[in-house]
Amino acid sequence: MTDRSDIKYIGVNDHTIDMFEGMYGVPNGMAYNSYVIMDEKIAILDTVDVGFAEQWLGNIANVLGDRKPDFLIIQHMEPDHSANIMHFVEQYPQAVLVASERAFVMMKNFFGTDFSENRMVVSDGDMLSLGRHELLFLGAPMVHWPEVLVTYERTEKALFSADAFGRFGALDVEQEWTKEARRYYFGIVGKYGVFVQKLLKKIGDLDIRRICPLHGPVLSENLGYYIGLYDTWSRYQPEEEGILIAYTSVYGNTKRAAFLLAEKLVQKEQKVKIYDLARCDMSEAVAEAFRFSKVVLATTTYNAGVFPFMREFISALVERNFCDRTVAFVENGGWAPIAAKIMRESLEKCKGINFARTTVRILSALKEESRGQVEALAQELSE
């Protein structure tokens, strides 16, 4: 935001958090974004996590000076954005709460009241004038909760996008957007691609100069790039040609096969990423599986099934509508290798999966026959 803009940032950075939503590692912290639009009437957009109430209210006071807000717009009821609604109401009892009907139902669940005496229910297409600034509300249900609104400000042409276009990481840490936004998208929003597509169609004709998400930086340049990625991600299409090798290994033999395959693929000028699912950030491996056009799953037969981390990985892919990829298998087993069969059965419900003709079968350790299968698989994946 520029100094001349009537839109001011009043969010906070969280470096106390280690796991977002209790499952996603965030070594660079998180940003909880909130905004003020200054006009004849003043609107606050969203609150922040409960642990930052005092800082957030101080940010509001610093921007408003002697003035008081007229509206609190609640776009999303997840507690990292809505937890301070009661603190806000106690501080500014005259302000009107603006949200979807479903959001007020959720407020009753969270706070024991739906603020029926001091609220404005809005839905898709409704408008709110602040004076010079006009706000257009657009319903965005299931991106990624059912009550979600996004808000388009017509004067400065800003889209307040709720959790869409978000990114892991606090704003006072410099980091590249795409990797952490991809991990955020497929972790948090990825199951709901069809609803993201509906939102993209709604905003497609808007003149957007700035995207203001609830996590991550405000986006004001090259917006076609970010919107294009969201279109690709929400259609579950590969972002680029490349091969992800995801493996688990008990005594190192499956790992050796995975790295031998990677070596041969690199020799054939293929782009390759490799992940040890027992030790990597699982959310990063999932995001990379959606990034690339081909995935190799390498694991041991374990308890007459597949190794637990591989089972978790495949479950995460299926849950997020994994589709339209080439998938290959490497299995290991000392006496009854059946991991490839089980993995294939787990993925057969996914649309558009092309299973590689070659399956690498290791009987405890790599031998001449299985090394030949690795070579054959590398050749097939390079075609």
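The rules behind each value
Here, residues in each chain are numbered from 1, in the same order as that chain's written sequence. At least 70 in pLDDT is required for a residue's local features to be given in this predicted model, at least 80 for side-chain atom pairs to be given and counted, and no such filter applies to totals for whole chains, interfaces and linings, which use all residues. Only hydrogens and water are removed before side-chain values are computed, so all heavy atoms of the structure are retained for them. Two strands make a pair as long as DSSP finds a minimum of two bridges between them. Each helix corresponds to a stretch of at least 4 residues labelled H or I by DSSP, and each strand to a stretch of at least 2 residues labelled E; elements are numbered beginning at the N terminus. Axes here refer to lines fitted to C-alpha atoms; in helices the fit is confined to the stretch in contact. Angles between the N-to-C directions go from 0 to 180 degrees. Geometric relationships in this document are graded by angle, where less than 35 degrees denotes roughly parallel, more than 145 denotes roughly antiparallel, 65 to 115 denotes roughly perpendicular, and other angles denote oblique. By definition, turning the near helix anticlockwise from the far helix through less than a right angle yields a left-handed crossing, and turning it clockwise yields a right-handed one. Contacts were defined at the residue level, with two residues in contact if any of their heavy atoms lie within 4.5 Å. Ten residue types, Ala, Val, Leu, Ile, Met, Phe, Trp, Tyr, Cys and Pro, are classed as nonpolar, four, Asp, Glu, Lys and Arg, as charged, and the remainder, Gly among them, as polar. Ring pairs are drawn from Phe, Tyr and Trp, using the six-membered ring of Trp, whenever the two centres fall within 6.5 Å, and their geometry is named by plane angle: stacked under 30 degrees, edge-to-face over 60, tilted for the rest. Relative accessibility decides the category of a residue: with a 1.4 Å probe and only protein chains considered, values under 20% of the type maximum give buried, values over 50% give exposed, and everything between is partly exposed. Exposure above 30% relative accessible area and the absence of a salt bridge qualify a residue for a patch, where like charges join within 9 Å and nonpolar side chains (Val, Leu, Ile, Met, Phe, Trp, Tyr) within 5 Å. Method for areas: the Shrake-Rupley scheme with a 1.4 Å probe, in which residue coverage is limited to the protein chains shown. What makes a salt bridge here is a side-chain nitrogen of Lys or Arg within 4 Å of a carboxyl oxygen of Asp or Glu, nothing more. The handedness of a crossover follows from its direction of travel: if, with the strands pointing away from the viewer, the path from the first strand over the helix to the second runs clockwise, the crossover is right-handed. Throughout this description, the term nonpolar core refers to a set of buried Ala, Val, Leu, Ile, Met, Phe, Trp, Tyr and Cys residues connected via side-chain atoms within 4.5 Å. A helix is expected to span 1.5 Å multiplied by its residue count minus one. Note that the arc is defined by the directions from the helix axis to the C-beta atoms.

(A) Molecular detail of the sheet that holds strand β11 (residues 127-129). A sheet is described by the order of its strands in space; here 5 strands give the open sequence β11-β12-β13-β14-β15, paired in mixed fashion. Edge positions in the sheet fall to β11 and β15 (210-212), since each of these pairs with one other strand and no more. Sheet twist, expressed as the mean angle between neighbouring strand axes with direction ignored, is 20 degrees. Pairing analysis gives 5 bridges linking strand β12 (residues 134-139) to strand β13 (residues 149-153), with the strands arranged antiparallel.

(B) Region of the structure containing the packing of helix α9 (residues 282-291) against helix α10 (residues 308-319). Remark: α9 packs on α10, axes separated minimally by 10 Å, with the N-to-C direction vectors making an angle of 50 degrees. The angle between α9 and α10 places the two elements in the oblique class. Like other packed secondary-structure pairs, α9 and α10 cross with a definite hand, here right-handed. Contact residues: α9 offers Met282, Ala285, Val286, Ala289 and Phe290, while α10 offers Phe309, Glu312, Phe313, Ala316 and Leu317.

(C) The packing of helix α8 (residues 253-267) against helix α12 (residues 368-382), seen in detail. Where α8 contacts α12, the axes come no closer than 9 Å and their chain directions differ by 45 degrees. Taken together, the axes of α8 and α12 lie oblique to each other. The handedness of the crossing between α8 and α12 comes out as right-handed. For the pair α8 and α12, the contacting residues are Leu260, Leu261, Lys264 and Leu265 in the first and Arg371, Val374, Glu375, Leu377, Ala378, Leu381 and Ser382 in the second. Of the residues in the contact of α8 with α12, the class split is 7 nonpolar, 1 polar and 3 charged.

(D) Examining the packing of aromatic side chains more closely. Enumeration according to the criterion identifies 26 aromatic pairs in this entry. Ring geometry for Tyr230 versus Trp233: centroids 5.6 Å apart, planes at 50 degrees, classification tilted. Taken together, the residues Tyr230 and Trp233, both in helix α7 (residues 223-234) and 3 residues apart, mark about one turn of the helix. Each member of the pair, Tyr230 together with Trp233, is buried. Aromatic side chains Tyr247 and Phe259 sit 6.0 Å apart centroid to centroid with 70 degrees between the ring planes, which places their arrangement in the edge-to-face category. Within this pair, whereas Tyr247 is found in strand β16 (residues 240-247), its partner Phe259 is found in helix α8, the two being separated by 12 residues in sequence. Taking relative accessible area as the criterion, Phe259 reaches 38% and is therefore assigned partly exposed. Three or more aromatic residues link up through ring pairs in this structure, and these residues are Phe165, Trp177, Tyr185, Phe186, Tyr225, Tyr226, Tyr230, Trp233, Tyr236, Phe290 and Phe322.

(E) The arrangement of unusual backbone geometry in detail. Each neighbour pair has its own omega, and for Val143 with His144 the value is 0 degrees, a cis peptide bond. One non-glycine residue with positive phi stands out, namely Met142, at about 65 degrees. With respect to the element layout, Met142 can be found in the loop between β12 and β13. Positive phi outside glycine occurs at Glu269, with the angle close to 65 degrees. Mapped onto the elements, Glu269 comes out in the loop between α8 and β17 (272-276).

(F) Broad picture of the side chain of Asn332. The residue Asn332 is located in strand β20 (residues 326-332) in this model. A residue is classified by how much of its surface remains accessible, and Asn332, at 5% relative accessible area, is buried. When residues no more than four places from it in sequence are discounted, the contact partners of Asn332 are Asn253, Thr254, Thr299, Thr300, Thr301, Pro337, Ile362, Leu363 and Ser364.

(G) Broad picture of a nonpolar patch on the surface. Side chains of Val250, Tyr251 and Tyr302 sit close together on the surface and give an oily, nonpolar patch of about 360 Å² of accessible area. Topologically, Tyr251 is positioned in the loop between β16 and α8.

(H) Focus on the pairing of β16. Among the 8 residues in β16, 6 count as buried, and that is most of the element. The pairing of β16 with strand β18 (residues 292-302) spans 6 bridges and is classified as parallel. If you follow Ile245 over to β18, its bridge partner there is Val296. As defined by bridge partners, β16 adjoins β17 across 5 bridges and the pair is classed as parallel. Opposite Leu244, over in β17, you have Lys273 as the bridge partner. Note on the crossover from β16 through α8 to β17: the handedness is right-handed.

(I) Examining the nonpolar core more closely. With 94 residues, the main nonpolar core has Phe20, Ile60, Met107, Leu297, Phe313, Phe322 and Leu347 as its most contacted residues. Examining the composition of this core, we find that 7 residues originate from one element, helix α5 (residues 177-189), more than from any other. The next biggest cluster of nonpolar side chains, apart from the first, holds 21 residues, and it includes Leu261, Leu265, Ile362 and Leu381.

(J) Structural view of α10. When the terminal C-alpha atoms of α10 are compared, their 16 Å separation across 12 residues agrees well with the 16 Å that a helix rising 1.5 Å per residue should span. Looking at α10, one finds that the buried residues are Met310, Phe313, Ile314, Ala316 and Leu317. All buried residues of α10 fall inside an arc of 155 degrees around its axis, so they share one side. Close packing links the buried residues of α10 with β16, α9, β18 and α11 (339-347). Positive phi appears at Asn321, one or two residues downstream of α10, with a value of about 70 degrees.

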